[in-house]
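What follows is each chain in one-letter form.
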Amino acid sequence: PSKGGKSTPTTGDVVTVHFSMQLMDATPVFNTKDEQGDTAGEPLRFRVGQGSVIRGLEEALLKILVGQTVRLIISPDYAYGSRGFYPTVPANSSLIVRLELLHVEAS
């Protein structure tokens, strides 16, 4: 599941990930593995560097390997900032994220 022997994505690559996101008080925000949620348990697939996800996730993806799972604390300036994400993420919220990189497709 890596691209040409390289297992870390670069900007422009398409990645497939599972991730969960919660507020600092452990209130759940999003989980790709949630069978009842928007993704019905399916991983998320997107192109790195196009703003499809919050900045903190994009920057973390550039530093992890396929198959790796990391736990991140993402500050508001790398998440949803002063605008938040109504109704689930209040303004200026830090987030706890568990991110698993499943696959990388070269751009």
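Read on for an overview of the structure. Note that the coordinates shown come from a computational prediction; the quantities given were computed from them, not determined experimentally.

Describing the overall build of the protein chain
Thinking step 1. Along its length, the protein chain carries one helix and five strands.
Thinking step 2. Tracing the protein chain from N to C terminus, the helices and strands come up as β-β-β-α-β-β.
Thinking step 3. Here the C-alpha atoms of the protein chain give a radius of gyration of 14 Å, agreeing with the 13 Å that 2.2 N^0.38 yields for 107 residues.
Thinking step 4. Considering only C-alpha atoms, the protein chain reaches an extent of 40 × 30 × 20 Å along its principal axes.
Thinking step 5. In the protein chain, the share of contacts with a sequence separation of at least 24, taken over all contacts with a separation of at least 6, comes to 65%.
Thinking step 6. As presented, the protein chain carries roughly 6,100 Å² of accessible surface, and 49% of it is formed by carbon and sulfur atoms.

Remarks on the pattern of salt bridges
Thinking step 1. Scanning all chains against the criterion turns up three salt bridges.
Thinking step 2. A salt bridge links Glu100 to Lys33, with the shortest nitrogen-to-oxygen separation between them at 3.4 Å. Of this pair, Glu100 sits in strand β5 (residues 95-105) while Lys33 sits in the loop between β2 (28-31) and β3 (44-47); the two residues are 67 residues apart in sequence, bridging distant segments of the chain.
Thinking step 3. Taking the shortest distance from any N to any O, the salt bridge between Glu59 and Arg55 comes out at 3.0 Å. One end of the pair, Glu59, and the other, Arg55, are both in helix α1 (residues 55-61), four residues apart, so they sit about a helical turn from each other.

What counts, and at which threshold
Residues numbered from 1 in each chain as written. Predicted model: local features only at pLDDT ≥ 70, side-chain atom pairs only at ≥ 80, totals over all residues. Heavy atoms only, no water. Helix = DSSP H or I, 4+ residues; strand = E, 2+ residues; numbered from the N terminus. Rg over C-alpha atoms; globule rule 2.2 N^0.38 Å. Contact = heavy atoms within 4.5 Å. Areas by Shrake-Rupley, 256 points an atom, 1.4 Å probe, with all protein chains shown as cover. Salt bridge = Lys/Arg side-chain N within 4 Å of Asp/Glu carboxyl O.

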